[in-house]
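Here's the letter readout for the chains.
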Amino acid sequence: MPHIVTKFERARPEDVAALAKFGSATIHEAQGRLGAIDPKIKPIDRNMSLCGPAFTVLGAPRDNLMLQLAIHFAQPGDIIVMAAGDHLEAGCFGDVLGNACVAKGIAGVVTDASARDTQHLIELGLPVFTQGISIRGTVKETLGGTGCDIVFGGELIRPGDIIRGDADGLVVVRREDAAEVAEKSQAREDVESDLIEKYKAGRTVIDLCGLEPVLKAKGLTTDL
């Protein structure tokens, strides 16, 4: 039976804005190396970046009916995340649906399927993350789900959780953890900024990362 849900709790806008300041890798590390989505799913252009609550979609391979329903029901600022069976042989999303997303204020589209019309999508400026690119089209036949929990790229994604994506990849943050993860991300960036300044001042990685005892325990001396 189809599972169509269009109303659910979303992450707070202030939490989305706070996490948008940090890269996906920083967020992944800050939340204990959790939430990393399969690295095969990348932006169609490395300059693309997105951050927003997930509007989850469960679709079928080579079928974009549920994706079209998601675009109809999604709210401005949502990131549509569609699990479509890890199927790369068809472009389920292209420039026509891309324009529909922009007209609605949708903040991005993420799928484990493929996209097409990628040059037009890049020019449109809509962030699109896919596992591949394919000129083959889709049908509109199979009912699935919207606003439901999905397993996507090896991670459980719930509707309303935050998806952050950039050139390095995608990470999911539980909506109830978002404020804490943003604080931890800032703390991590502060530490890294301090390290960079110390490197510029002449300190070494072995010194600052405390590698001397690790190397000695393995029988390696730095006095080469």
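Residues numbered from 1 in each chain as written. Predicted model: local features only at pLDDT ≥ 70, side-chain atom pairs only at ≥ 80, totals over all residues. Heavy atoms only, no water.

Moving on to the environment of Ser24. Looking at where Ser24 falls in the secondary structure, it is placed in helix H2 (residues 24-30). Given the relative accessible area of 5%, Ser24 is considered buried. Between the C-alpha atoms of Ser24 and Cys101, which are 77 residues apart in sequence, the distance is 23 Å. Ignoring sequence-local partners within four residues, the contact set of Ser24 consists of Arg164, Asp166, Asp168, Gly169 and Val171. At a separation of 2.7 Å, a polar atom in the side chain of Ser24 contacts the side chain of Asp166. (Helix = DSSP H or I, 4+ residues; strand = E, 2+ residues; numbered from the N terminus. Buried < 20%, exposed > 50% of the residue type's maximum accessible area, 1.4 Å probe, protein only. Contact = heavy atoms within 4.5 Å. Polar contact = N/O pair within 3.5 Å; in protein donor to acceptor, adjacent residues only side chain to side chain.)

A full pass over the atoms with the stated rule returns 0 disulfides. Cysteine Cys92 is unpaired, with the sulfur of Cys101 as its nearest cysteine sulfur at 11 Å. Given the relative accessible area of 4%, Cys92 is considered buried. Free of any disulfide, Cys148 has its nearest neighbouring cysteine sulfur in Cys92, separated by 16 Å. (Disulfide = S-S within 2.5 Å.)

Let us look at the UniProt feature "binding site: substrate" (unreviewed entry) in the protein. The feature "binding site: substrate" (unreviewed entry), as given by UniProt, occupies Gly94, Asp95, Val96, Leu97 and Arg116 in the numbering adopted here. Considering the C-alpha atoms alone, the annotated residues occupy 23 residues of sequence yet fold into one spot, their largest mutual distance being 10.7 Å. For Gly94, the position within the fold is in the loop between strand S5 (91-93) and helix H4 (95-104). Judged by its relative accessible area of 8%, Gly94 is buried. The contacts of Gly94, once residues within four sequence positions are left out, are Arg116, Asp117 and Leu121. (UniProt positions renumbered as here; feature names shortened; annotations may be inferred.)

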